[in-house]
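So you can see what is in the structure, the chains are spelled out below.
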Amino acid sequence: MAQVAQPDYDKPDDSGEVRVKVICLGDSAVGKSKLVERFLMDGYKPQQLSTFALTLFNHKTEIDGQKVSVDFWDTAGQERFNNMHPSYYHQAHACILAFDTTRKITYKNMPNWLKELREYRPEIPCLCAANKIDVDPSVTKKSFNFAKKHNMPFYFVSASDGTNVVKLFRDAIKAAVKYKSNPTDIMDEIMQELENFELETGKDKAGGDTEDKDQAAAADENDKASS
Amino acid sequence: MTTSTLQLLKCGVRFDPPALVITYKDWKANKLRRRTMPLRNFNKNSNIESTIKDLKENPRHNRFVQLLSMAQFHRLLSIIKDKLSGLSLEASIARNNDMDTVRADEDLNKVDSETLVRKKLQMDSTFEKNKKQPGDPDFQYNVEVDFEDVVGKVESSGWDSGEDSDPDF
């Protein structure tokens, strides 16, 4: 697996692409990796982040004529240690929160995942996926109120037979792009202002890279502190 | 996987010295056969995954070991390991039955990694059974089904009630 450094999603890019980060959350064995794998199919080429035990998958697409480069982040089993590393949430633009329709406990743990997500990312769009509907299709006749209660779009999906997987991911990408162009998290607004400020004032400054890093680190701290 | 003329009928283990034993039908020769595959250097600390990998890459055994499912493979090797660690056969079988059972109320975030691997393998078999992939006659990349048009979900999942249900935060 290729080892890469953590990308900076706030850094303006000269490729004309919008860079977004979509994270997957949910209990062990609900099928997070299998969902990403089903969406990407042949393009499923994991990259391991060098610093943290996390896996990400890059995907290029186009939304309404706009080129988009998406990184899907997968937990790489880190959910077993109860808390995800803050870097997992850092700069995320959308979240897919999944449970397993064959195992009630994974549904009962959804509030814990949403709570942790909201500590780091109070406003990003979060989509709810009810996976493994192929095991017992009658589950789709039943109501699950968690998503409605928290105002999240809800999808019955199967990573195995493919039902609604592409729709779920395309909607997640759209939501991420929309969020990035019009962020409502206060930290994102501040980040954007800082970025604009820097563009105006720091035009002839060299070595912008290190500054970006400092900003990202500061944002991490503030993200946590503000919640 | 290449199509095999061999059909697995039974699989088991030998403890001393450790070996996998299978009984299979060779349809080409129309004969019932048994094959014993010694596990050299296998001990109570051996890594099950790498042992499986070695056997699958072994040219003398690979066409036979591919008859075993990953779940069976893990189970057999785990029983031998338990024996080498001094566990009784009864206790080992109970432990392995437990690892091979998926329970709707068991929190898999909290189990040890061996148990998680085993339960995932059980789920994988369902996944593979229902899997549609490129090459299948009815495969489509984008499968959209609108379940919302069912007028008023009459049935509750029953998963939203109870003292452990979603608290506000």
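It should be emphasised that the depicted structure is a prediction, and the values quoted were computed from it without experimental measurement. (Residues numbered from 1 in each chain as written. Chains lettered and ligands numbered in written order. Predicted model: local features only at pLDDT ≥ 70, side-chain atom pairs only at ≥ 80, totals over all residues.)

Some thoughts on the interface of chain A and chain B
Contacts between the two partners involve 33 residues from chain A and, on the opposite side, 33 residues from chain B. Those elements giving two or more residues to the side of chain A that touches chain B turn out to be helix H3 (104-108), helix H4 (110-120), strand E8 (142-143), helix H5 (146-149) and helix H6 (165-181) of chain A. For the side of chain A that touches chain B, the element with the highest residue contribution is H3(A), accounting for 4 residues. Here the residues of the side of chain A that touches chain B are counted per class, giving 9 nonpolar, 10 polar and 14 charged. Sheet topology places E8(A) next to strand E4 (residues 155-156) of chain B; 2 bridges connect them, and they run parallel. Counterpart to A:Lys142 in the pairing with E4(B) is B:Glu155. (Contact = placed C-beta atoms within 7 Å. Helix = DSSP H or I, 4+ residues; strand = E, 2+ residues; numbered from the N terminus. Nonpolar A, V, L, I, M, F, W, Y, C, P; charged D, E, K, R; others polar. Pairing = 2+ DSSP bridges.)

A look at helix H3 (residues 70-84) of chain B
Residues and elements named next belong to chain B. Taking 1.5 Å per residue as the helical rise, H3 with its 15 residues ought to reach 21 Å, and the 21 Å between its terminal C-alpha atoms agrees with that figure. The inward-facing, buried residues of H3 abut strand E1 (6-14), strand E2 (19-26), helix H1 (48-57), helix H4 (89-99) and helix H5 (113-130). Two residues or fewer after H3 comes glycine 86, characterised by a positive phi angle close to 95°. (Expected span 1.5 Å × (residues − 1).)

Section: the sheet that holds strand E3 (residues 31-38) of chain B
All names here are of chain B. Strand order in the open sheet formed by 3 strands is E1-E2-E3, with antiparallel pairing between adjacent strands. The open sheet has two edge strands, E1 and E3, and neither has a second partner. Along the sheet, successive strands turn relative to each other by an average axial angle of 20°, direction set aside. Here 8 bridges tie E2 to E3, and the two strands are oriented antiparallel to one another. Looking at the pairing, leucine 20 lines up with methionine 37 of E3. Along the sheet face, H3 touches E1 and E2 and points at about 20° away from the line of E1. (Axes fitted to C-alpha atoms, helices over the stretch in contact; angles between N-to-C directions.)

A few points about the pairing of strand E4 (residues 55-63) of chain A
Residue and element names in this part refer to chain A. As defined by bridge partners, E4 adjoins strand E5 (residues 66-74) across 9 bridges and the pair is classed as antiparallel. Each residue of the ladder has a partner; that of glutamate 62, found in E5, is lysine 67. Once E4 ends, the chain turns through 2 residues before running back antiparallel as E5, passing aspartate 64 with a positive phi of about 50°.

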